[in-house]
Amino acid sequence: MKTDNGREVQRDQGGRLRHLLTLEGLSAAELLSLLDLAQFYVRHPGDLPARDQSLAGRTVANLFFEPSTRTRVSFELAASRLGAQVVNLDLHSSSRVKGESVLDTLYTLQAMQVDVFVMRDSQPGLPAFVARHVQPHVSVLNAGEAHLSHPTQGLLDVLTIRQRKGDVGALSVAIVGDIRHSRVARSTATALSTLGVGELRIVAPPALMPDQDEFIGARRHTVLADGLRGADVVMALRIQRERMADANAPDADAFCREWGITSGNLRLAAPDAVVLHPGPMNRGVEISDEVADGPQSAICQQVTNGVAVRMAVLATIVRNVQLRNIEAGGRAV
Ligand code: NCD
């Protein structure tokens, strides 16, 4: 059965975004409006972070059923810099492990007037399932769904690319590594394709390539040098061992030798190529220290942009709730 990616459910009756479950189905104009708002929230390192009160009085609950550092913290900072109250659930000791269903957990939080659920889970389709069940004023934001989708990561990757290299239409972007198991690769590729990327390459050993019915339009390379040659952007991905049977996982040393991005093979890319990685990095496996910390790396910029992108998404979603309220003439939506 095809997974429900939430494309149909993420809009309200007026066609506005109510949830962010997937980047699939968003128009270029919608992506650009989120990216422009995110750019407005970006501040130079050393400056005070952007703040406003767009989420004053709202409550955002972070529900991460899978480990996360940067995504969870950046959603928390984004919400609190917009004036929201944030609750982080400690899900290792939470009710789900005691057998309470996800919906019961959500209904409990909803009864405490939570307005936005930020969710990460290994179960495909869960964000869309939850979105179909929450009260009309509640929004669900997907912070990582199985291997399928990670929409805010896709947005922050594209924001970083635009800041460093300009419009994506003229660029050749190579995504390298474990693409088969990567939700980041899927969401970033969707955003890049919608925005008319010049060329998208997926570069991986055959075992880590996605099926043929995915990444339509991308060029497939199973030799690293071919995939890197002349690329303007190189995105390295870690091996997602948690999504593979141990027997199928590649050996880290062999992967590093054949697929690791190093200053040596990065010379094949364009001289001013920019390097991305969503983190967490396995230094010395998919990326060398020299590249991760070198002048072509935009990895810290991605993290900075992550907060700005999540601010933009939260502000947009909450503004749309207010618009629905106005249209409903003050009646509850
Ligand atoms: C990624 C994720 O969790 O999907 N990390 C992130 O959100 N920044 C990628 C990964 O875990 O490798």
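Residues numbered from 1 in each chain as written. Predicted model: local features only at pLDDT ≥ 70, side-chain atom pairs only at ≥ 80, totals over all residues. Heavy atoms only, no water.

Undergrad: Describe the overall build of the protein, with residues and values.
TA: Along its length, the protein carries eleven helices and nine strands. Projected onto its principal axes, the C-alpha coordinates of the protein cover approximately 60 × 40 × 35 Å. Excluding contacts between residues fewer than 6 apart, the proportion of contacts in the protein whose partners are at least 24 apart in sequence is 75%. Side chains of the protein carry 35 positive and 36 negative charges; the gap between the two charge centres is 3 Å. (Helix = DSSP H or I, 4+ residues; strand = E, 2+ residues; numbered from the N terminus. Contact = heavy atoms within 4.5 Å. Lys, Arg positive; Asp, Glu negative; His and termini not counted. Charge placed at Lys NZ, Arg CZ, Asp CG, Glu CD.)

Undergrad: Could you give me a rundown of the nonpolar core, with the residues and numbers involved?
TA: Leu141, Leu155, Val176, Ile261 and Leu314 are the most contacted members of the largest nonpolar core, which has 86 residues in total. In terms of residue count, helix α11 (residues 299–327) provides more of this core than any other element does, eleven residues in total. Of the domains in this structure, domain 1 (28–150 + 304–327) and domain 2 (151–302) are the two that each give at least three residues to this core. Not counting chain neighbours up to four residues away, the residues in contact with Leu314 comprise Leu55, Val60, Phe75, Ala78, Ala79, Leu82, Val116 and Leu141. (Core = buried A, V, L, I, M, F, W, Y, C linked by side-chain atoms within 4.5 Å. Buried < 20%, exposed > 50% of the residue type's maximum accessible area, 1.4 Å probe, protein only. Domains from an automatic or database assignment.)

Undergrad: Would you mind going over the domain arrangement of the protein in detail, with residue names and values included?
TA: As assigned here, the protein comprises domain 1 (28–150 + 304–327) and domain 2 (151–302). Centre-to-centre separation of domain 1 and domain 2, based on C-alpha positions: 26 Å. Contacts between the two partners involve 28 residues from domain 1 and, on the opposite side, 28 residues from domain 2. Carbon and sulfur atoms supply 59% of the area buried between domain 1 and domain 2, which totals about 2200 Å² over both sides. On the surface where domain 1 and domain 2 come into contact, there are one salt bridge. Here Glu66 makes a salt bridge to Arg183, at a shortest N to O gap of 3.0 Å. On the surface where domain 1 and domain 2 come into contact, there are 19 residue pairs in polar contact (both at pLDDT 80 or more). Element by element, the count of residues in the side of domain 1 that touches domain 2 is highest for helix α1 (residues 28–41), at eight residues. Considered class by class, the residues forming the side of domain 1 that touches domain 2 number twelve nonpolar, nine polar and seven charged. (Buried area = accessible area lost by both parts, 1.4 Å probe. Salt bridge = Lys/Arg side-chain N within 4 Å of Asp/Glu carboxyl O. Polar contact = N/O pair within 3.5 Å; in protein donor to acceptor, adjacent residues only side chain to side chain. Nonpolar A, V, L, I, M, F, W, Y, C, P; charged D, E, K, R; others polar.)

Undergrad: So what's going on with the sheet that holds strand β7 (residues 219–221)? Residues and values would help.
TA: Taking strand neighbours across the sheet as the criterion, the five strands line up as β7-β6-β5-β8-β9 in an open arrangement whose pairing is parallel. Every interior strand has two partners, whereas the edge strands, β7 and β9 (274–276), have only one. The average undirected angle you get between the axes of adjacent strands in this sheet is 20°. Summarising the sheet, strand β8 (residues 233–236) and β9 pair through three bridges and their orientation is parallel. Paired with Met235 across the bridge in β9 is Leu276. (Pairing = 2+ DSSP bridges. Axes fitted to C-alpha atoms, helices over the stretch in contact; angles between N-to-C directions.)

Undergrad: So what's going on with the site of the ligand? Residues and values would help.
TA: Near the ligand the following residues occur: Arg70, Thr71, Arg120, His150, Gln153, Arg183, Val184, Arg238, Gln240, Pro278, Gly279 and Pro280. Thr71 is positioned with one of its side-chain polar atoms (N or O) 3.0 Å from an oxygen atom of the ligand. Residue Arg238 places a side-chain N or O atom 2.5 Å away from an oxygen atom belonging to the ligand. Listing elements by their share of the shell around the ligand, those giving two or more residues are α2 (70–81) and α6 (183–194). Partitioned by chemical class, the residues of the shell around the ligand number three nonpolar, five polar and four charged. For the shell around the ligand, the two domains that each supply at least three residues are domain 1 (28–150 + 304–327) and domain 2 (151–302). (Near = heavy atom within 4 Å.)

Undergrad: Tell me about the sheet that holds strand β1 (residues 59–64), and name the residues and values.
TA: Consider a sheet: its strands pair through backbone hydrogen bonds, and that pairing is either parallel or antiparallel. Spatially, β2-β1-β3-β4 is the arrangement adopted by the four strands of the open sheet, whose pairing is parallel. The outermost strands of the open sheet, each flanked by one partner alone, are β2 (85–88) and β4 (139–145). Taken pair by pair, the neighbouring strands of this sheet meet at an average axis angle of 15°, ignoring direction. Inspection of the sheet shows β1 paired to strand β3 (residues 116–121) by five bridges, in the parallel sense. Bridge pairing links Ala61 to Phe117 in β3. Along the sheet, α2 contacts β1, β2, β3 and β4; its crossing angle with β1, the most-contacted strand, is approximately 180°. Packing against the sheet, α11 makes contact with β1, β3 and β4, and its axis sits at approximately 155° to β4.

Undergrad: Lay out the packing of aromatic side chains with the relevant residues and their values.
TA: What describes a pair of aromatic rings is the distance from one ring centre to the other and the angle between the planes of the rings. Under the defined criterion, the tally for this structure stands at one aromatic pair. Residues Phe40 and Tyr41 carry aromatic rings whose centres are separated by 5.3 Å and whose planes lie at 65° to one another, so their mutual orientation is edge-to-face. (Phe/Tyr/Trp six-rings, centres within 6.5 Å; stacked < 30°, edge-to-face > 60°.)

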